[in-house]
Amino acid sequence: MVVLIFEDNLMWSARLKQSLTALGHSAKVLTRIPAELPAADVAILNLGSSSLSAETLVPLLKEHGVKTIGHAGHKETELQQYGRDAGCDVLTTNSELTFKLQLVLEGCVNK
């Protein structure tokens, strides 16, 4: 599976890319919204990012047939609602993304 990681936190992006690669997926980290979106199956985006707007990004990804996973801290209910309002296919907590990444991906793809 090809996964785009929209993340401006270097620690998170490196960790996610490493985990995805270990699970056998191809991952590409993007710190901004590109002029031309790379082909992908799924995109993971940090709902707390100050530079990557889910309101802009999610419709663009959906237009290209890319499923979206939005993540935030488990107590960041406003960010979770922001992801719902933006239209993310799946919302998850940071800890679920860390410890249950393959299940989160499968849940998104099968949705």
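Residues numbered from 1 in each chain as written. Predicted model: local features only at pLDDT ≥ 70, side-chain atom pairs only at ≥ 80, totals over all residues. Heavy atoms only, no water.

K.L.:
I would appreciate a short explanation of the overall build of the protein chain in the present structure.
P.N.:
For the protein chain, the count of helices and strands is 5 helices and 5 strands. Along the protein chain, from the amino end to the carboxyl end, the secondary structure elements read β-α-β-β-α-β-α-β-α-α. A compact globule built from 111 residues would reach a C-alpha radius of gyration of about 13 Å, and the protein chain, at 12 Å, matches this within 12%. Taking all contacts inside the protein chain whose residues are at least 6 apart in sequence as the whole, residues at least 24 apart take part in 61%. Carbon and sulfur atoms form 51% of the exposed surface of the protein chain, whose accessible area is close to 6,000 Å². Taking the 10 positively charged and 12 negatively charged side chains of the protein chain as two groups, their mean positions are separated by 5 Å. (Helix = DSSP H or I, 4+ residues; strand = E, 2+ residues; numbered from the N terminus. Rg over C-alpha atoms; globule rule 2.2 N^0.38 Å. Contact = heavy atoms within 4.5 Å. Areas by Shrake-Rupley, 256 points an atom, 1.4 Å probe, with all protein chains shown as cover. Lys, Arg positive; Asp, Glu negative; His and termini not counted. Charge placed at Lys NZ, Arg CZ, Asp CG, Glu CD.)

K.L.:
It is not clear to me how the sheet that holds strand β1 (residues 2-6) should be interpreted in this structure. Could you clarify?
P.N.:
The 5 strands are arranged β2-β1-β3-β4-β5 in an open sheet whose pairing can be described as parallel. On the outer flanks of this sheet lie β2 (26-30) and β5 (90-93), each paired with one strand and no other. The average angle at which neighbouring strand axes cross in this sheet is 20°, direction not considered. As defined by bridge partners, β1 adjoins β2 across 5 bridges and the pair is classed as parallel. (Pairing = 2+ DSSP bridges. Axes fitted to C-alpha atoms, helices over the stretch in contact; angles between N-to-C directions.)

K.L.:
I tried to follow helix α2 (residues 54-63) on my own but got confused; where do I start?
P.N.:
One turn of an α-helix holds 3.6 residues; hence residues three or four places apart share an orientation. When we look at burial in α2, the residues that qualify are A54, L57, V58 and L61. Looking straight down α2, one finds that the buried residues subtend no more than 95° of arc, so they occupy a single side. Facing away from the buried side of α2 by more than 90 degrees, the exposed set consists of E55 and E63. Regarding α2, its N-cap is S53, as a side-chain oxygen of that residue lies 3.3 Å from the backbone nitrogen of E55 further along. Immediately downstream of α2, the backbone of G65 shows phi near 75°, a positive value. (Buried < 20%, exposed > 50% of the residue type's maximum accessible area, 1.4 Å probe, protein only. Arc of directions from axis to C-beta. Polar contact = N/O pair within 3.5 Å; in protein donor to acceptor, adjacent residues only side chain to side chain.)

K.L.:
Explain the environment of A43 to me, please; I cannot follow it from the model alone.
P.N.:
When you line up the elements, A43 lands in strand β3 (residues 42-46). With a relative accessible area of 0%, A43 lands in the buried category. The contacts of A43, once residues within four sequence positions are left out, are L4, F6, L61, V66, K67, T68 and I69.

K.L.:
How should the pattern of salt bridges be read in this particular structure?
P.N.:
A pair can form between side chains of opposite charge whenever their charged atoms are brought close. In this structure the tally under the stated criterion is 1 salt bridge. One salt bridge in this structure joins K62 and D89, with 3.4 Å as the shortest N-O distance. With K62 in helix α2 and D89 in the loop between α3 (77-86) and β5, this residue pair connects regions lying 27 residues apart in the sequence. The class of K62 is partly exposed, set by a relative accessible area of 40%. (Salt bridge = Lys/Arg side-chain N within 4 Å of Asp/Glu carboxyl O.)

K.L.:
Teacher, can you tell me more about the side chain of D89 here?
P.N.:
Classification of D89 by relative accessible area gives buried; the value is 17%. Within polar-contact distance, the side chain of D89 engages the side chain of K62 at 3.4 Å.

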